[in-house]
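Fold and geometry: a report
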Amino acid sequence: MTHEDMIALFPAFHEITDVQLRSQALAAMALAAEKGGWTKETIALCPVTLNWENCKTSWIEHVNAVARLCLLAYGETAEYYQRNGVAFDRNVLVAGALLHDIGKLTEFQLRDGAVTHGGGFELMRPPLSGALLASQAGLPDKIVHLIATHSFEGENSYQTAESRFVRTIDMFVFTCSVEGLKKTGGR
Ligand SMILES: [Fe+2]
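A few points on the structure. Once a new chain begins, its residue numbering starts again from 1 and follows that chain's sequence as written. At least 70 in pLDDT is required for a residue's local features to be given in this predicted model, at least 80 for side-chain atom pairs to be given and counted, and no such filter applies to totals for whole chains, interfaces and linings, which use all residues.

Per the secondary structure count, the protein includes eight helices and two strands. What the globule rule says is 2.2 Å times the number of residues to the power 0.38, and the radius of gyration is computed from C-alpha atoms. A compact globule built from 187 residues should have a C-alpha radius of gyration of about 16 Å, and the protein, at 16 Å, falls within 12% of that. Its C-alpha atoms give the protein principal-axis dimensions of about 55 × 35 × 25 Å. Counts of 20 or more other C-beta atoms within 10 Å of a residue's own C-beta define buried residues, counts of 12 or fewer define exposed ones, and intermediate counts define partly exposed ones; C-beta atoms are placed from the backbone. The buried share among the 187 residues of the protein stands at 37%. Residues are treated as contacting if the C-beta atoms built from their backbones sit within 7 Å of each other. Residue pairs in contact within the protein that sit at least 24 positions apart in sequence constitute 67% of those at least 6 positions apart. Runs of E in the DSSP output that reach at least two residues are strands. Runs of H or I that reach at least four are helices, and both are numbered from the N terminus.

See the structure below:
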């Protein structure tokens with residue numbers, strides 16, 4: 001996948017004003033897609049989960065919803081952070097929202113036309129695999145940490161203002177996407 005392909009799929013990349021960070025974020029997503037075997041033609045088939053029966057939400061839909069809602073919610077709440085003297089980096093928020101689930105591109109794979117879990121998916125859950133991919137792409141620790149702690153792995157972990165924000169929106173979006181569905185596996 002080229003950077004242009006990913007920007008077309010995820011317009012929120014335009015919101016990252018730090019050119020180096022945007023370039024690293026695109027490199028991290030490309031690396032994850034390459035490692036998971038996803039291409040421009042197949043990536044729309046990547047799911048957000050296989051643990052809920054008949055969940056039709058795609059990885060692309062999920063990531064776009066998280067990124068867009070993070071931007072909307074931050075627009076409504078940025079003043080609170082400023083008022084309270086809390087440093088909040090909007091670029092970290094957007095890059096973190098776009099990258100929080102890059103590990104899912106290696107969690108799932110397309111094999112003989114069917115989507116399945118990739119090898120070692122239990123060992124290298126998306127927060128761990130995604131954080132490693134982000135680190136490999138040269139992203140700063142704040143993004144690597146955000147990815148590593150965004151799921152239940154981060155329940156008892158230190159959170160930055162940005163990581164807590166993405167984590168909260170991600171959980172909300174994910175919960176909405178499985179509302180009414182039966183859980184069939186995983187945690
Ligand atoms: Fe997510």
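The subject of this paragraph is the pairing of strand S2 (residues 114-117). Any two strands are treated as partners once DSSP identifies two or more bridges connecting them. Here four bridges tie strand S1 (residues 108-111) to S2, and the two strands are oriented antiparallel to one another. Bridge assignment links Gln109 to a residue of S2, and that residue is Thr116. Hairpin connection, S1 to S2: the antiparallel pair is bridged by two residues, and Asp112 has positive phi, about 50°.

Among the nonpolar cores identified, the biggest contains 45 residues, and Ala25, Ala28, Cys70, Leu98, Leu99, Ala134 and Ile143 are the most heavily contacted of them. Of all the secondary structure elements, the ones that give two or more residues to this core are helix H2 (19-36), helix H3 (59-83), helix H4 (90-99), helix H6 (126-136), helix H7 (141-148) and helix H8 (161-178). Dropping the residues within four chain positions of it, Ile143 is found in contact with Val92, Ala95, Gly96, Leu99 and Ala134. Note on terminology: a nonpolar core is a set of buried residues of type Ala, Val, Leu, Ile, Met, Phe, Trp, Tyr or Cys, with members joined through C-beta atoms within 7 Å.

Moving on, we get to H2. Each helix should span, by expectation, one fewer than its residue count multiplied by 1.5 Å. The terminal C-alpha atoms of H2, which comprises 18 residues, lie 26 Å apart, in line with the 26 Å expected from a rise of 1.5 Å per residue. At the C-terminal side of H2, Gly37 shows a positive phi close to 80°.

What counts as an axis is a line fitted to C-alpha atoms, over the stretch in contact for a helix, and the angles between N-to-C directions run from 0 to 180 degrees. Contact geometry of H3 with H8 gives a least axis separation of 9 Å together with a crossing angle of 130°. Compared by their axis directions, H3 and H8 come out oblique. Here H3 runs over H8; the crossing is right-handed. Residues His62, Ala65, Val66, Leu69, Cys70, Ala73 and Tyr81 of H3 pack against Ala161, Phe165, Val166, Ile169, Asp170, Val173 and Ser177 of H8. What sets the label is the angle itself: under 35 degrees gives roughly parallel, over 145 gives roughly antiparallel, 65 to 115 gives roughly perpendicular, and the rest give oblique. In a left-handed crossing the near helix is turned counterclockwise from the far helix by less than a right angle, and in a right-handed crossing that turn is clockwise.

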